[in-house]
Amino acid sequence: MFCYQCETAAQGVGCDKVGVCGKQPTTSDLQDLLIYAVKGVSFWAHQARQKDTRSNEIDRFVIEALFTTVTNVDFADDSIVTVIAKAISMREKARELFEKANGATFSGSVPQAAQAWDFPTERTAQLALAQLHGVKDPNLDADLQSMRSTILFGIKGYAAYADHAVILERENEEIYAYTHKALTDLQDDSLDLMALVGIAMECGRINLVAMELLSKAHTDRYGHPVPTKVELGTKAGKAILVSGHDMRFLEELLKQTEGKGINIYTHGEMLPAHGYPELKKYAHLVANYGGAWQDQHKEFKEFPGAIIFNTNCIQKPHSSYVDRLFTWGLVQYPDVTHVDGWDFTALIDKALACDGFEDNPGQEILTGFGHNAVLGVADKIIEAVKAGDIKHFFLVGGCDGAKPGRNYFTEFAEQVPDDCVILTLACGKFRFNKLEFGDIGGIPRLLDVGQCNDAYSAVQIALALADAFECGVNDLPLSFIISWYEQKAVAILLTLLHLGIKDIKLGPTLPAFITPNVLNFLVENFNIAPVSTAEADLKQILG
């Protein structure tokens, strides 16, 4: 195996024995083969599109397959093998689609991934084949490999958002078309470094399209988030803990548990659900339990109910709660009960069989500051800036993780001066969202914008402020302090670069797949830099 798609890449280089995330070598190799197979599907889907022919089934499959390989999604080899086998079938459907539209076979050069290779039925042969198609090409120039990996990981990131949107019955042809073309381009050895840079910037634009699609899907169905106090304590009764990102899943679970004496708790990136009017109306959505994904081992042991993951962030479960743990959707883990479809009876029955909580009220925190809520008080914010009451805005957020050095983000938030406002999003906020920051003229100094995909809201806030002050985003008193962990963070970073946003500080470490030459390009063109210390970075930003 070799995997360097997340921030915890071993030795800052890559995992080659077992994933720091817990991914086994066989799982890693099979995921690499799945990506190889998906490139073949996309090649033919792209050719078909040139003939104005497409297939919803193929488009959706590619998005799901890509999301399957995101960090901490699918750890089950049997599941991945099933998806690879389906990819072979989809490849042939896409080829036939093109040939039917073209009236003839393809006359150009067909990449190896798109050729008619077969998937063995025996696991040893499957793994032997997988090892021939790792994420890195040893014959490729290091900088070209770096850009190809950046693009691939960005595509994986927005595939997660596109998949959530599909579940909410929202799709976008532009996302599908770019995905197939980009995965085809990643097989083209004639493309030079600057051509790949252009594809990467376009990936950032497509991620913005995907985030906007998902944001509108959420707000159309659940209403715009409103500032909401969220209980961190517990309420007497049976309990289910929901971890992940998928709001449709939570909605369906709330419907099926209503009146059953079961309280629903959010975990991690599900916290922002409490701000949506059509979700918060359910009285048994009672609280948020725990923090970011990396603390699940110690937190889940103490949860006296059923637990379910609906998207990425799962870790190898501890024996103390594995019998109460469920997965849904694309998330799978060996020997963990998987729920197919929308019938949550098994999950509900397990919750009813567990002890449940006693009443133990706790601290309350605020969420629900999406762009609609923030821009609703834009006049007050603008007045506060003009009056000198608000000196600077900091976006401090992103993916959290377990690697040492992430206390930087807590220290940074703590040291932000009292005349500054902090916007935050994704699970990185759990480093500091229980701290008391106060307010400036009634405007809370800590504004929880939402999930990682709600970077769209943060962008809309920044663009609106720039418009109000008749300047560019880079001229605003606004700084981006971004924590990254997996591929969705890569997609968001590419979006910020696509928008021309400069002076981003990224941490706790820079991606292992970025070569010195590619880093120099980012520094020269965007002044992107690694975080240093909270004190030094604040001094450099504020002067």
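Just so you know, these numbers come straight off a predicted model, no measurement behind them. (Residues numbered from 1 in each chain as written. Predicted model: local features only at pLDDT ≥ 70, side-chain atom pairs only at ≥ 80, totals over all residues. Heavy atoms only, no water.)

*Asks:* What's the story with the overall build of the protein chain in this structure? I'm lost.
*Replies:* Each helix and strand in the protein chain was counted, giving 18 helices and 16 strands. Residues classed as buried in the protein chain amount to 61% of the 543 residues present. Expressed as a percentage of contacts within the protein chain between residues at least 6 apart in sequence, the contacts between residues at least 24 apart total 76%. Accessible surface, the protein chain as shown: approximately 20800 Å² in total, 50% of it carbon and sulfur. Distance between charge centres in the protein chain, computed from 47 positive and 70 negative side chains, equals 2 Å. (Helix = DSSP H or I, 4+ residues; strand = E, 2+ residues; numbered from the N terminus. Buried < 20%, exposed > 50% of the residue type's maximum accessible area, 1.4 Å probe, protein only. Contact = heavy atoms within 4.5 Å. Areas by Shrake-Rupley, 256 points an atom, 1.4 Å probe, with all protein chains shown as cover. Lys, Arg positive; Asp, Glu negative; His and termini not counted. Charge placed at Lys NZ, Arg CZ, Asp CG, Glu CD.)

*Asks:* Before we go on, may I ask you to explain the sheet that holds strand E14 (residues 478-483) in this structure?
*Replies:* The 6 strands are arranged E13-E10-E9-E14-E15-E16 in an open sheet whose pairing can be described as parallel. Pairing within the sheet leaves two strands with one partner each, and these edge strands are strand E13 (446-450) and strand E16 (529-530). (Pairing = 2+ DSSP bridges.)

*Asks:* Got a minute to help me understand the packing of aromatic side chains in this structure?
*Replies:* Think of a pair of aromatic rings as described by two things: how far the centres are apart, and how the planes are tilted against each other in angle. Within the structure shown, the criterion is met by 29 aromatic pairs. Here Tyr 265 and Phe 303 contribute two aromatic rings whose centre-to-centre distance is 5.8 Å and whose plane-to-plane angle is 85°, an arrangement assigned as edge-to-face. With Tyr 265 in strand E3 (residues 262-267) and Phe 303 in the loop between helix H10 (296-301) and strand E5 (306-309), this residue pair connects regions lying 38 residues apart in the sequence. Like Phe 303, Tyr 265 is buried. Centre to centre, the rings of Trp 484 and Phe 513 are 6.1 Å apart; their planes meet at 85°, and the pair counts as edge-to-face. Note that Trp 484 is positioned in the loop between E14 and helix H16 (487-498) and Phe 513 in the loop between strand E15 (505-507) and helix H17 (516-526), a separation of 29 residues in sequence. Taken individually, Trp 484 and Phe 513 each receive the classification buried, so the pair is uniform in this respect. One aromatic cluster is present, formed by Phe 2, Tyr 4, Phe 153, Trp 484 and Phe 513 through successive ring pairs. Directly above the ring of Trp 342 sits Arg 248, whose terminal nitrogen or CZ lies 4.7 Å from the centroid. (Phe/Tyr/Trp six-rings, centres within 6.5 Å; stacked < 30°, edge-to-face > 60°. Lys NZ or Arg CZ within 6 Å of the ring centre and 35° of its normal.)

*Asks:* Honestly, the state of the cysteines in this entry has me stumped. Any pointers?
*Replies:* The term disulfide refers to a covalent linkage connecting the sulfur atoms of a pair of cysteines. One pass over the full model with this rule turns up 0 disulfides. Note on Cys 420: no disulfide assigned, nearest cysteine sulfur contributed by Cys 471 at a separation of 17 Å. When its relative accessible area of 1% is taken as the criterion, Cys 420 is described as buried. Note on Cys 471: relative accessible area 28%, which makes it partly exposed. (Disulfide = S-S within 2.5 Å.)

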